[in-house]
Amino acid sequence: MMDLLDLLHQTMSSPWVYLAIFAIAVVDGFFPVVPSETAVITAGVFAASGAPYLPAVIVVAAAGALIGDHVSYALGRGGGARLLDRLPAGGRRRAGVEWARRGIAVRGGLILTVARYIPGGRTAVTLTMGAVAYPRRRFLAFDALAAVSWGLYSALVGYLGGLAFEQDPLRGLLLGLGLALTVTVVVEGVRALRHARARRRPPAPVTADSAGGR
């Protein structure tokens, strides 16, 4: 355990940690293999002891997220619609894409900000926005807001955990990850509840006007 802690201290005190956080955030934007929240929260925990520098962690995390999302958007513009339509019906990824399409149609760019806090959901939304040719300038504006708020949130969650357990960074990391998981569960729960209510809502009655005056 002490060896792991020493390794983390050495990694987080290295100037290369900022490049690592940036790279992880970029890749996670279009290929969510390693959750970037974990890297940013870990850096925030150790930032409570002075290294790395918290504002720098926030900046590189937000910049990486912004670039990664734009890579995903570009992939969606370059044939993403065909790729998304080939996803197997009834699968988890197809369900995520359908959720993204409904959210974009109803709430536009707001869904992008919410999806940034749902691992995997953010990629479905950014790909879908590219596939449906969502206006690039509006995407940039909403995505900048999403990336900055996510960078602040992830780093500060870790920082608070580090302050709470200044002498025990591993406990601080567990606290930070627990808080982040709680937020994700709450967001997912609210989304599932809204979806269930929408499915139970009876369809609107057909009137002469809605039927084209027939």
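Residues numbered from 1 in each chain as written. Predicted model: local features only at pLDDT ≥ 70, side-chain atom pairs only at ≥ 80, totals over all residues. Heavy atoms only, no water.

Under an unreviewed UniProt entry, the name given to the chain is DedA family protein, and the source organism is Micromonospora globbae. We quote the UniProt Subcellular location (unreviewed entry) comment for the chain here in full: "Cell membrane". Its UniProt record gives the chain the following Sequence similarities (unreviewed entry) comment, quoted word for word: "Belongs to the DedA family." (UniProt positions renumbered as here; feature names shortened; annotations may be inferred.)

Chemist: Sorry, what's going on with helix 4 (residues 54-77) here?
Modeler: In a regular helix each residue adds 1.5 Å, so 24 residues correspond to 34 Å; helix 4 covers 35 Å between its end C-alpha atoms and thus fits that length. Once helix 4 finishes, Gly79 follows within two positions and takes phi at roughly 100°, a positive value. (Helix = DSSP H or I, 4+ residues; strand = E, 2+ residues; numbered from the N terminus. Expected span 1.5 Å × (residues − 1).)

Chemist: I would appreciate a short explanation of a nonpolar patch on the surface in the present structure.
Modeler: On the surface, a cluster of nonpolar side chains totalling about 670 Å² of accessible area is made up of Val27, Phe30, Phe31, Val33, Val34, Ile67, Val71 and Leu75. Among the elements of the structure, helix 2 (16-30) and helix 4 are those that each provide at least two residues to the nonpolar patch. The element contributing the most residues to the nonpolar patch is helix 4, with three residues. Locating Val71 in the fold gives a position in helix 4. (Patch = residues over 30% accessible without salt bridge, like charges linked within 9 Å, V, L, I, M, F, W, Y side chains within 5 Å. Areas by Shrake-Rupley, 256 points an atom, 1.4 Å probe, with all protein chains shown as cover. Salt bridge = Lys/Arg side-chain N within 4 Å of Asp/Glu carboxyl O.)

Chemist: Hey, could you run me through the nonpolar core in this one?
Modeler: A general feature of soluble globular proteins is that nonpolar side chains tend to end up buried together. By size, the foremost hydrophobic cluster in this structure holds 25 residues, and its most contacted members are Ile21, Val40, Val57, Trp150, Tyr153 and Ala155. Listed by contribution, the elements that provide at least two residues to this core are helix 1 (2-13), helix 2, helix 3 (36-47), helix 4, helix 9 (136-164) and helix 10 (169-200). Every residue in contact with Trp150, bar those within four places of it in the chain, is listed here: Ser36, Glu37, Val40, Ala61, Ala65, Arg116, Tyr117 and Arg122. (Core = buried A, V, L, I, M, F, W, Y, C linked by side-chain atoms within 4.5 Å. Buried < 20%, exposed > 50% of the residue type's maximum accessible area, 1.4 Å probe, protein only. Contact = heavy atoms within 4.5 Å.)

Chemist: What am I meant to see in the packing of aromatic side chains here?
Modeler: A complete count under the given rule lists two aromatic pairs for this structure. Considering the side-chain rings of Tyr117 and Tyr153, the 5.1 Å spacing of their centres and the 65° angle between planes classify their relative orientation as edge-to-face. One end of the pair, Tyr117, is in the loop between helix 7 (110-115) and helix 8 (121-131); the other, Tyr153, is in helix 9, and 36 residues separate them in sequence. For the pair Tyr117 and Tyr153, one class covers both residues: buried. One Lys or Arg, Arg116, reaches over the ring of Trp150 and ends 4.9 Å from the middle of that ring. (Phe/Tyr/Trp six-rings, centres within 6.5 Å; stacked < 30°, edge-to-face > 60°. Lys NZ or Arg CZ within 6 Å of the ring centre and 35° of its normal.)

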